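Geometric and topological summary
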Amino acid sequence: MADPRKLYIRTYGCQMNVYDSERMAEAMGGAGYVETDSPDDADMILLNTCHIREKAAEKVYSELGRFKDLKAARPDLKIGVAGCVAQAEGEEIMRRQPMVDLVVGPQSYHRLPEMEAKAGQGSKALDTDFPEEDKFARLKGRGKAKRGPTAFLTVQEGCDKFCAFCVVPYTRGAEVSRPVAQVLDEARDLVERGVREVTLLGQNVNAYHGDGPGGDWTLARLIRELAKLDGLDRIRFTTSHPNDMDDDLIAAHGDCDKLMPYLHLPVQSGSDRVLKRMARKHTAEQYIRLIERIRAARPDILISGDFIVGFPGETEDDFADTMALVEEVRYGQCYSFKYSARPGTPAAEREPVDPVVASDRLTRLQALLTRQQREVQDAMVGKEVGVLFERKGRLPGQMVGKSDHLHAVHVTGDVAVGDLARVRITESAPNSLAGALA
Ligand code: 5AD
Ligand code: SF4
């Protein structure tokens, strides 16, 4: 038998891209490819791209430029672009980088093996359709290979919210939820393969409305059902929109033991004026009240968020409102970005904020967020938490895992990858905790 061909995938952007890359690798496994971790000996290079900010999108072109020499030396090497840049700029990629053999959008990657075969015959392939068929149903099963203890599981894709800055509704399309049975099957399969923690993914995951027994299921109902699976010990979900946090999902944080005390709930800005211009359809006050209700259900929950500074029209007063909201919420973890105008979105037409001003605001916001993150971490010292061990650490005998609150925890002791143990936290470092087995 011929040696398998080698596939090198580089993944940018969000967790859903990580999940998609796994699924594409599996689909290509069926076409005789195995994954390699170096582009140098690959027969095919696939970039799974992100379009959310300009910097991320431009990276694709510089990255492709670096593969030029490889392609010149080995004309049989196939180069593909997948993900959201593929969706948004398919034709332009082919034009700017003629060495690209195939371009596949996030909704058509189940067709990747066919496209690869076509590219093998010397023709280019481009597929950025939003096909009728369900790509998940078309994708081959995941095989029975052993997995690490944690996995992503996409349950929902796309977004109907159309925030004024965001390309997601255009690149990922309208909201679609996977049927309950399909999700449960995939979760069972993951558990059989060694997974103890799943993170349910969706661009707007708490807007999940999947077909299930008796009709439409909400995310909370899906979580409660998943919690019945023996061997599945932890459930997380991301990313959520404040307007889709229904009562049952809030309650689940209090009464579903397997649902971890961590919630990523982006607000983007603390100014009502900016929120309105962003078309977020909620106020700062409503968000703060919502956090209070979630904390009433689960007092130790760690709240995480996303912020954009320098959105068109943002004044110093607006920014002060964002800082005030952060002070009030007390985040355990946050991502913050300078606004980036994205082609085709409503905000891209508006007068931008001076980039120097925006950078200065980002620095101030990040200083506050970093301080909060450290305070929340420091407050864990002396507490006992559950830790799921994921890998060996750098020091002899050291193991690294994630706490219930998603903090990285270093422990030296008799534990193996995949163990879930109680740990007493003894130290807080800038981006991790250390502890001892309890
Ligand atoms: N500019 C800057 N940040 C953005 N995000 C989304 N679109 C933009 C943009 N145009 C951020 C938001 C979102 C996160 C995934 O990326 O904060 O929640
Ligand atoms: Fe983008 Fe999230 Fe707004 Fe949807 S809800 S448009 S994914 S920022």
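If you're wondering where the values come from, they're calculated on a predicted model, not measured in any experiment.

In terms of regular secondary structure, the chain is built from 14 helices and 21 strands. In terms of C-alpha radius of gyration, the chain reaches 22 Å, essentially the compact-globule figure of 22 Å for 438 residues. Principal-axis analysis of the C-alpha atoms places the extent of the chain at approximately 60 × 55 × 50 Å. In the chain, which comprises 438 residues, the share counted as buried stands at 55%. Taking contacts inside the chain between residues at least 6 apart in sequence as the whole, the part at least 24 apart equals 71%. Split by element, the accessible area of the chain, about 19,200 Å² in all, is 51% carbon and sulfur. The centroid of the 60 positive side-chain charges in the chain is displaced by 2 Å from the centroid of its 68 negative side-chain charges.

Our focus in this paragraph is the site of ligand 1. Ligand 1 sits among Ile52, Arg53, Phe165, Gln268, Asp306, Ile308, Phe337, Lys338, Tyr339, Ser340 and Arg342. In this structure, Phe165 approaches ligand 1 through a main-chain N or O atom, which is 3.0 Å from a nitrogen atom. In the model, an oxygen atom of ligand 1 is placed 2.6 Å from a nitrogen or oxygen of the Gln268 side chain. Within the complex, 87% of the 400 Å² of free accessible area of ligand 1 lies under protein.

This part covers helix H1 (residues 15–29). Taking 1.5 Å per residue, 15 residues should reach 21 Å; H1 reaches 21 Å between its end C-alpha atoms and fits that length. Buried within H1 are the following residues: Met16, Asn17, Tyr19, Asp20, Ser21, Arg23, Met24, Ala25, Ala27 and Met28.

Moving on to unusual backbone geometry. Of note, the amide linkage connecting Thr238 to Thr239 takes the cis form, showing an omega dihedral of 0°. Summarising the element assignment, Thr239 is placed in the loop between strand S13 (234–238) and helix H10 (247–255). Despite not being glycine, Phe162 has its phi angle at roughly 50°, a positive value. Counting through the fold element by element, Phe162 comes out in the loop between strand S8 (156–157) and helix H7 (168–171). Judged by relative accessible area, Phe162 falls into the partly exposed class, the value being 42%. One non-glycine residue, Arg330, lies in positive phi territory at about 60°. Looking at the element boundaries, Arg330 is found in the loop between helix H13 (316–329) and strand S16 (333–338).

The immediate surroundings of ligand 2 are formed by Cys159, Lys161, Phe162, Cys163, Phe165, Cys166, Val168, Pro169, His241 and Arg280. Looking at the shell around ligand 2 residue by residue, the classes come out as 7 nonpolar, 1 polar and 2 charged.

UniProt annotation of "domain: Radical SAM core" (unreviewed entry) refers to residues 145–378 when read in the numbering used here. Along residues 145–378, the helical share is 39% and the strand share 18%, with 39 Å between the first and last C-alpha atoms.

We now examine the sheet that holds strand S3 (residues 44–49). The strand order across the open sheet built from 6 strands is S2-S1-S3-S4-S5-S6, with neighbouring strands paired in parallel fashion. Bordering the open sheet on either side are strand S2 (33–35) and strand S6 (125–127), each of which pairs with just one other strand. Averaged over all pairs of adjacent strands, the angle between their axes in this sheet comes to 20°, without regard to strand direction.

Evaluated as defined, the whole model comprises 42 salt bridges. The salt bridge involving Arg188 is made with Asp185; its shortest N-O contact spans 2.9 Å. Here Arg188 pairs with Asp185, and both are found in helix H8 (residues 180–192), just 3 residues apart, close to one helical turn. In this structure Arg188 comes out as partly exposed when scored by relative accessible area, which is 39%. Note on Asp185: relative accessible area 46%, which makes it partly exposed. The partner of Arg298 in a salt bridge is Asp300, and the shortest N-O contact between them spans 2.6 Å.

Turning to the packing of H10 against helix H12 (residues 284–297), a few remarks are in order. For the pair H10 and H12, interaxial distance at closest approach is 7 Å and the crossing angle is 40°. As far as their axial angle goes, H12 and H10 are oblique. Contact with H10, carried on its side by Asp247, Ile250, His253 and Gly254, involves Leu290, Arg293, Ile294 and Ala297 of H12 and no other residues of that element. Within the contact of H10 with H12, the residues separate by chemical class into 4 nonpolar, 2 polar and 2 charged.

Domain assignment breaks the chain into domain 1 (5–127), domain 2 (141–260) and domain 3 (384–437). Placing a centre on the C-alpha atoms of domain 2 and another on those of domain 3 gives a separation of 26 Å. Residue-level contacts link 8 residues of domain 2 with 13 residues of domain 3. Of all residues in domain 2, Pro149, Arg196 and Arg234 bury the most surface against domain 3, accounting for 61% of the area lost on that side. Our enumeration of links across domain 2 and domain 3 arrives at 1 salt bridge. Between Arg234 and Asp404 there is a salt bridge, and its shortest N-O distance comes to 2.9 Å. At the junction of domain 2 with domain 3, the criterion picks out 6 residue pairs in polar contact (both at pLDDT 80 or more).

So, on to the UniProt feature "domain: TRAM" (unreviewed entry) in the chain. According to UniProt, the "domain: TRAM" (unreviewed entry) feature falls on residues 378–438. Between the first and last C-alpha atoms of residues 378–438 the distance is 18 Å; the span itself is 2% helix and 59% strand.

With that settled, consider the nonpolar core. Core analysis: the largest hydrophobic core is formed by 56 residues, its most contacted members being Leu200, Leu219 and Tyr331. Not counting residues within four places of it along the chain, the set of residues in contact with Leu200 comprises Leu153, Val155, Val205, Leu219, Leu222, Ile223, Leu226, Ile235, Arg236, Phe237 and Thr238.

A few words now on the sheet that holds strand S15 (residues 302–309). Taken in spatial order, the 3 strands line up as S14-S15-S16 in an open sheet, and their pairing is parallel. Edge positions in the sheet fall to strand S14 (262–264) and S16, since each of these pairs with one other strand and no more. Across this sheet, the average inter-strand angle for adjacent strands is 10°, counted without regard to direction. By the bridge criterion, 3 bridges tie S14 to S15 in an arrangement that is parallel.

Rules and cut-offs
- Residues numbered from 1 in each chain as written.
- Chains lettered and ligands numbered in written order.
- Predicted model: local features only at pLDDT ≥ 70, side-chain atom pairs only at ≥ 80, totals over all residues.
- Heavy atoms only, no water.
- Helix = DSSP H or I, 4+ residues; strand = E, 2+ residues; numbered from the N terminus.
- Rg over C-alpha atoms; globule rule 2.2 N^0.38 Å.
- Buried < 20%, exposed > 50% of the residue type's maximum accessible area, 1.4 Å probe, protein only.
- Contact = heavy atoms within 4.5 Å.
- Areas by Shrake-Rupley, 256 points an atom, 1.4 Å probe, with all protein chains shown as cover.
- Lys, Arg positive; Asp, Glu negative; His and termini not counted.
- Charge placed at Lys NZ, Arg CZ, Asp CG, Glu CD.
- Near = heavy atom within 4 Å.
- Polar contact = N/O pair within 3.5 Å; in protein donor to acceptor, adjacent residues only side chain to side chain.
- Expected span 1.5 Å × (residues − 1).
- Nonpolar A, V, L, I, M, F, W, Y, C, P; charged D, E, K, R; others polar.
- UniProt positions renumbered as here; feature names shortened; annotations may be inferred.
- Pairing = 2+ DSSP bridges.
- Axes fitted to C-alpha atoms, helices over the stretch in contact; angles between N-to-C directions.
- Salt bridge = Lys/Arg side-chain N within 4 Å of Asp/Glu carboxyl O.
- Parallel < 35°, antiparallel > 145°, perpendicular 65-115°, else oblique.
- Domains from an automatic or database assignment.
- Buried area = accessible area lost by both parts, 1.4 Å probe.
- Core = buried A, V, L, I, M, F, W, Y, C linked by side-chain atoms within 4.5 Å.

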